[in-house]
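Observations on the three-dimensional arrangement
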Amino acid sequence: MMCQLFPGKVFAMNDTRWLDADEQRAWRRYLRMHAELTTRLARQLQADSDLSLADFEVLVNLTDVPEGRIRVTELAKSLQWEKSRLSHHFSRMEKRGLVVRENCPSDARGAFVVLTPQGRAAIEAAAPGHVETVRTLMFDGLTDEQVDALESIADVVLDRIDRHDDGGLRSA
């Protein structure tokens, strides 16, 4: 059986480009680090502010835009969420008074998600503990050079993801 992963390159299934030992070790450490950080950050937010990590992500996106309002489609894209997930999550946040929905005057089918004063207060209260946890678990243990390397690695990977976002993989 043949498989085309990269345009112009066809691999037989037995030609799988397996990770070598160093790559496998690095990949698994990355996965563990991501899972551990996500779990710890979620626990801290829930315990200290009664916000989920998903709530915090929505609120951060809203504080990053003028007037604390963003189109639903733009927010879904920024969060990398399906519209249905955002809709369900938004409904829960709306019931808690953190956000409201506003119709879009220029597009009858469009809507905005808007940060409420209660939502702003919630993120302002949550942010100091969250950033302290990020600093303690991540950045306090890294040198300036390691932070630069982390940023550089993230840039390379994100660029590759952006170039491959059409669903196909291309060699670079």
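Structure: above.
Now for a description of the structure that goes with this document. (Residues numbered from 1 in each chain as written. Predicted model: local features only at pLDDT ≥ 70, side-chain atom pairs only at ≥ 80, totals over all residues. Heavy atoms only, no water.)

**Considerations on unusual backbone geometry**
Phi angles above zero are rare outside glycine, and E67 is one such case at about 65°. Even without being glycine, Q80 reaches a positive phi, approximately 65°. By secondary structure assignment, the location of Q80 is in the loop between α3 (72-79) and α4 (83-95). (Helix = DSSP H or I, 4+ residues; strand = E, 2+ residues; numbered from the N terminus.)

**What to know about the side chain of H130**
Here H130 shows up in helix α5 (residues 117-137). When sequence neighbours within four positions are dropped, the list of residues in contact with H130 reads L41, Q44, L45, L53 and F56. (Contact = heavy atoms within 4.5 Å.)

**Quick notes on the packing of helix α2 (residues 53-63) against α5**
Running from amino to carboxyl end, α2 crosses α5 at an angle of 110°, the nearest separation of the two axes being 10 Å. Our classification of the angle between α2 and α5 gives roughly perpendicular. The chirality of how α2 crosses α5 is left-handed. Residues L53, F56, L59, V60 and T63 of α2 lie in contact with α5, whose contacting residues are G119, R120, I123, A126, A127 and H130. Residue classes in the contact of α2 with α5 are distributed as seven nonpolar, three polar and one charged. (Axes fitted to C-alpha atoms, helices over the stretch in contact; angles between N-to-C directions. Parallel < 35°, antiparallel > 145°, perpendicular 65-115°, else oblique. Left-handed = near helix turned anticlockwise from the far one by under 90°. Nonpolar A, V, L, I, M, F, W, Y, C, P; charged D, E, K, R; others polar.)

**Things to note about the layout of surface pockets**
In this model, the largest pocket occupies a volume close to 1,900 Å³. Around the largest pocket, the lining is made up of 39 residues, and of these W27, Y30, M33, H34 and V157 lie nearest the centre. Those elements that provide at least two residues to the lining of the largest pocket are β1 (2-6), α1 (21-49), α2, α5 and α6 (144-163). Ranked by the residues each element gives to the lining of the largest pocket, the list is headed by α1, at twelve residues. By volume, the second largest pocket is sized at about 190 Å³. Considering the residues around the second largest pocket, the lining is formed by 13 residues, among which V72, T73, K83, R101 and R109 are closest to the centre. Those elements that provide at least two residues to the lining of the second largest pocket are α3, α4 and β5 (107-115). For the lining of the second largest pocket, the leading source of residues is β5, giving five residues. The residue inventory of the lining of the second largest pocket, partitioned by class, reads five nonpolar, three polar and five charged. (1 Å grid on protein atoms, 1.4 Å probe; cavity = no way out; pocket = protein on both sides within 12 Å on 5 of 7 lines; lining within 4 Å. Points joined across faces, edges and corners; volume = space filled by probe spheres on them.)

**Notes on the packing of α2 against α3**
At their nearest, the axes of α2 and α3 sit 11 Å apart, and the two run at 120° to each other. Taken together, the axes of α2 and α3 lie oblique to each other. Crossing hand, α2 versus α3: right-handed. Between α2 and α3, the residues in contact are E57, V58 and N61 and L75, S78 and L79, respectively.

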